[in-house]
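So the chains spell out like this:
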Amino acid sequence: MAINQNGILFQVKIEKVNQLLSKWEDENGTVFHYTYCDIVIFKYKLVVNGNLIQDNLNQTNLPDLYPSEAIKKGTDDDLYGSFFDITNNVASRVSIKLLNTVKPKITFNLSPGAYYFPNPDLPNNPEPLLTVPTGEIEMVKID
């Protein structure tokens, strides 16, 4: 999926991961949550005014707890999860809705207000907070 406007090229690759087992633990190693479900992960390419900011579209070696993932909730086809802005070490809530159009489209809605810093050892005061487009944007499928 891609959007190309106002000097910003933002491409998102959505990949399905079947039956992922995740273990969430605190800094002391105490496990507080397991999940076992199908998820999707997000990889992206961001170019601003011709300058490549980020490109992990073809990366295959992702960390175990990759903070850019979503799941389907309920009976609708919407996805909900978090999207990781690698450049600024910020993850934020995302929702994706499949649009009923002739050419496949989605609305990609990244919230700038519901964020966290997945890697607390890195600086966590970026300005601007997110380098990727926020709010509800319509994206078209590319081949």
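Summary of the structure given here. Small disclaimer: the values here were computed from a predicted structure and weren't measured. (Residues numbered from 1 in each chain as written. Predicted model: local features only at pLDDT ≥ 70, side-chain atom pairs only at ≥ 80, totals over all residues. Heavy atoms only, no water.)

## Comments concerning the layout of surface pockets
Estimated volume of the largest pocket: approximately 660 Å³. Of all the secondary-structure elements, those providing two or more residues to the lining of the largest pocket are strand S2 (8-25), strand S3 (31-48), strand S5 (69-72) and strand S6 (79-85). Split by residue class, the lining of the largest pocket holds 17 nonpolar, eight polar and three charged. Put simply, the second largest pocket is a space of about 320 Å³. Taken together, 17 residues form the lining of the second largest pocket, with Ile14, Val40, Asp77, Leu79 and Leu98 sitting closest to its centre. Among the elements of the structure, S2, S3, S5 and strand S7 (90-99) are those that each provide at least two residues to the lining of the second largest pocket. (1 Å grid on protein atoms, 1.4 Å probe; cavity = no way out; pocket = protein on both sides within 12 Å on 5 of 7 lines; lining within 4 Å. Points joined across faces, edges and corners; volume = space filled by probe spheres on them. Helix = DSSP H or I, 4+ residues; strand = E, 2+ residues; numbered from the N terminus. Nonpolar A, V, L, I, M, F, W, Y, C, P; charged D, E, K, R; others polar.)

## Describing the pattern of salt bridges
In total, this model carries three salt bridges according to the counting rule given. The partner of Lys97 in a salt bridge is Asp78, and the shortest N-O contact between them spans 3.7 Å. Residue Lys97 is found in strand S7, and its partner Asp78 is found in the loop between S5 and S6; the two are separated by 19 residues along the sequence. A relative accessible area of 42% places Lys97 in the partly exposed class. Judged by relative accessible area, which is 12%, Asp78 ranks as buried. Here Lys105 ties to Glu138 by a salt bridge, and the two come within 3.2 Å at their closest N and O atoms. (Salt bridge = Lys/Arg side-chain N within 4 Å of Asp/Glu carboxyl O. Buried < 20%, exposed > 50% of the residue type's maximum accessible area, 1.4 Å probe, protein only.)

That is the geometry; function is a separate question.
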